[in-house]
Amino acid sequence: MIPMSKYVYEALSRASSFLSGHGREEQVARMLLQHVLNKTHVQLLMDMREEISSEQFDHYWSLIEEHSTGKPVQYIIGSEEFYGRTFKVNEHVLIPRPETEELIVATIARMKRLFTEQTHLKLADIGTGSGAIAVTMKAEISTLQVTATDISSQALAVAQTNASDLEAQIIFKQGDLTAPISNEKWDIVLSNPPYISYDEAQSLSDTVVNYEPHNALFADDEGLHLYKRLAEELPELMNRPALIGLEIGYTQGPAVQSFFQKSFPAAQVDIVKDINGKERMIFCEIT
């Protein structure tokens with residue numbers, strides 16, 4: 001057992017050095033210490049010279065060692081921030097990423113332009129995972145009628161918890177891709193489907209490959225399989241006008257654009273870059 005530290009600042013310094021020595025980010029030491037001590041970042045800074053109990057230190061160090069093996073900090077503390085809200089996460093769902101927040105921003109902007117005179121729009125989030133997209137859209141635009149789907153019952157359980165915690169009224173349905181929503185028409189469909197090719201697995205961080213759910217990461221046909229299916233299945237399900245928004249891998253833009261342009265010949269299909277200049281979204285505006 002590692003000798004305990006007496007003060008908060010000592011514990012943080014030792015943990016930061018320990019993680020750095022194991023090739024992990026030092027800032028995680030602060031995040032885990034905030035979690036153990038139940039303090040905000042500011043509170044932690046103010047209380048650096050307070051004593052830390054042996055129980056707190058032992059708990060803290062167990063989490064530090066757990067992260068040093070590669071387990072994502074979000075799974076350790078059980079949550080992640082997304083669009084200003086706290087979402088519960090576990091090993092059954094992907095950890096929400098900042099780039100998905102950009103999908104939300106771009107979707108809302110396009111909705112305002114496309115649906116100028118319509119209210120009570122129907123939105124489907126396909127492959128909802130933690131529910132980050134569905135819950136955020138409902139929270140930002142309360143008049144939306146939101147349905148969220150996932151093939152995984154375990155993922156849906158996480159999404160339902162987040163919807164309840166964040167007071168977002170959402171319909172949840174289990175099933176593969178468009179199957180759960182095929183008996184209705186939709187104004188907006190959003191999705192962040194699995195899009196990483198299996199060949200890319202070796203280039204990913206061990207924190208991703210070893211811990212995040214593979215059925216939410218990888219797809220056949222060089223990661224394009226589910227985009228092809230969506231392009232084939234969505235034409236019969238969309239109202240007019242309608243909006244489809246998808247997160248994509250940064251090299252997949254032209255291929256996914258061609259799928260949707262073929263399925264929606266009269267639509268405007270745009271490849272949209274993220275704040276880092278990478279092509280990360282496809283929007284199909286159907287009029």
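Our structure's up above, just so we're on the same page.
Thresholds, definitions, all that
Residues numbered from 1 in each chain as written. Predicted model: local features only at pLDDT ≥ 70, side-chain atom pairs only at ≥ 80, totals over all residues. Heavy atoms only, no water. Helix = DSSP H or I, 4+ residues; strand = E, 2+ residues; numbered from the N terminus. Buried < 20%, exposed > 50% of the residue type's maximum accessible area, 1.4 Å probe, protein only. Areas by Shrake-Rupley, 256 points an atom, 1.4 Å probe, with all protein chains shown as cover. Lys, Arg positive; Asp, Glu negative; His and termini not counted. Charge placed at Lys NZ, Arg CZ, Asp CG, Glu CD. Phe/Tyr/Trp six-rings, centres within 6.5 Å; stacked < 30°, edge-to-face > 60°. Salt bridge = Lys/Arg side-chain N within 4 Å of Asp/Glu carboxyl O. Pairing = 2+ DSSP bridges. Axes fitted to C-alpha atoms, helices over the stretch in contact; angles between N-to-C directions. Expected span 1.5 Å × (residues − 1).

A. The overall build of the chain, seen in detail. A count of helical and extended segments in the chain gives 11 helices and 9 strands. In terms of its C-alpha atoms, the chain occupies a principal-axis envelope of roughly 65 × 40 × 35 Å. Here the chain holds 287 residues, and 51% of them are scored as buried. On the chain, roughly 13800 Å² of surface is accessible, and the fraction owed to carbon and sulfur atoms is 48%. In the chain, 24 positive and 40 negative side-chain charges are present, and the distance between their average locations comes to 4 Å.

B. Spotlight on the packing of aromatic side chains. As enumerated under the stated definition, the model contains 6 aromatic pairs in all. Ring plane angle 25° and centroid distance 5.7 Å describe the contact between F57 and W61, whose orientation is recorded as stacked. Of this pair, F57 and W61 both sit in helix α4 (residues 54–68), 4 residues apart, roughly one helical turn. Here F57 matches W61 in class, with each residue buried. On the basis of an interplanar angle of 40° and a centroid distance of 6.4 Å, the ring pair of F82 and Y83 is categorised as tilted. According to the relative accessible area criterion, F82 is buried, its value standing at 0%. The partly exposed category is assigned to Y83, whose relative accessible area is 24%.

C. The arrangement of the pattern of salt bridges in detail. Tallied over the entire structure, the rule returns 18 salt bridges. The closest approach of N and O atoms between E66 and K71, which form a salt bridge, is 3.1 Å. The partly exposed category is assigned to E66, whose relative accessible area is 28%. Look at K71 and you get partly exposed, because its relative accessible area is 23%. E140 serves as the salt-bridge partner of R85, at 2.7 Å between the closest nitrogen and oxygen.

D. A look at the pairing of strand β1 (residues 79–82). Here β1 runs beside strand β2 (residues 85–88); their pairing, made up of 4 bridges, is antiparallel. Bridge pairing links E80 to F87 in β2. Turn length for the β1-β2 hairpin, with the two strands adjacent in sequence and antiparallel, is 2 residues, and the turn residue Y83 shows positive phi of about 55°.

E. Representation of the sheet that holds strand β8 (residues 268–273) within the structure. The strand order across the open sheet formed by 7 strands is β5-β4-β3-β6-β7-β9-β8, and the pairing between neighbours is mixed. Either end of the sheet is taken by a strand with one partner, and the two such strands are β5 (170–174) and β8. Strand-to-strand twist in this sheet, taken as the mean axis angle between neighbours without regard to direction, amounts to 15°. Where β8 lies against strand β9 (residues 279–286), 6 bridges are found, and the strand directions are antiparallel.

F. Geometry of the environment of G84. As for its placement among the helices and strands, G84 is situated in the loop between β1 and β2. Among the residues examined, G84 registers a relative accessible area of 73% and is labelled exposed. Separated by 52 residues in the primary sequence, G84 and T136 have C-alpha atoms spaced 9.3 Å apart.

G. Structural context of helix α1 (residues 8–21). With 14 residues, α1 ought to run about 20 Å at 1.5 Å a step, and its terminal C-alpha atoms sit 20 Å apart, in line with that. Phi for G23, located one or two positions after α1, is positive at around 75°.

H. Fine view of unusual backbone geometry. For the bond running from R240 to P241, omega is 0°, close enough to zero to count as cis. Examined against the element boundaries, P241 turns out to sit in strand β7 (residues 238–247). For Y83, which is not glycine, the phi dihedral falls at a positive 55°. By the element assignment, Y83 lies in the loop between β1 and β2. Not every positive phi belongs to a glycine, and E222 is a case in point at roughly 55°.

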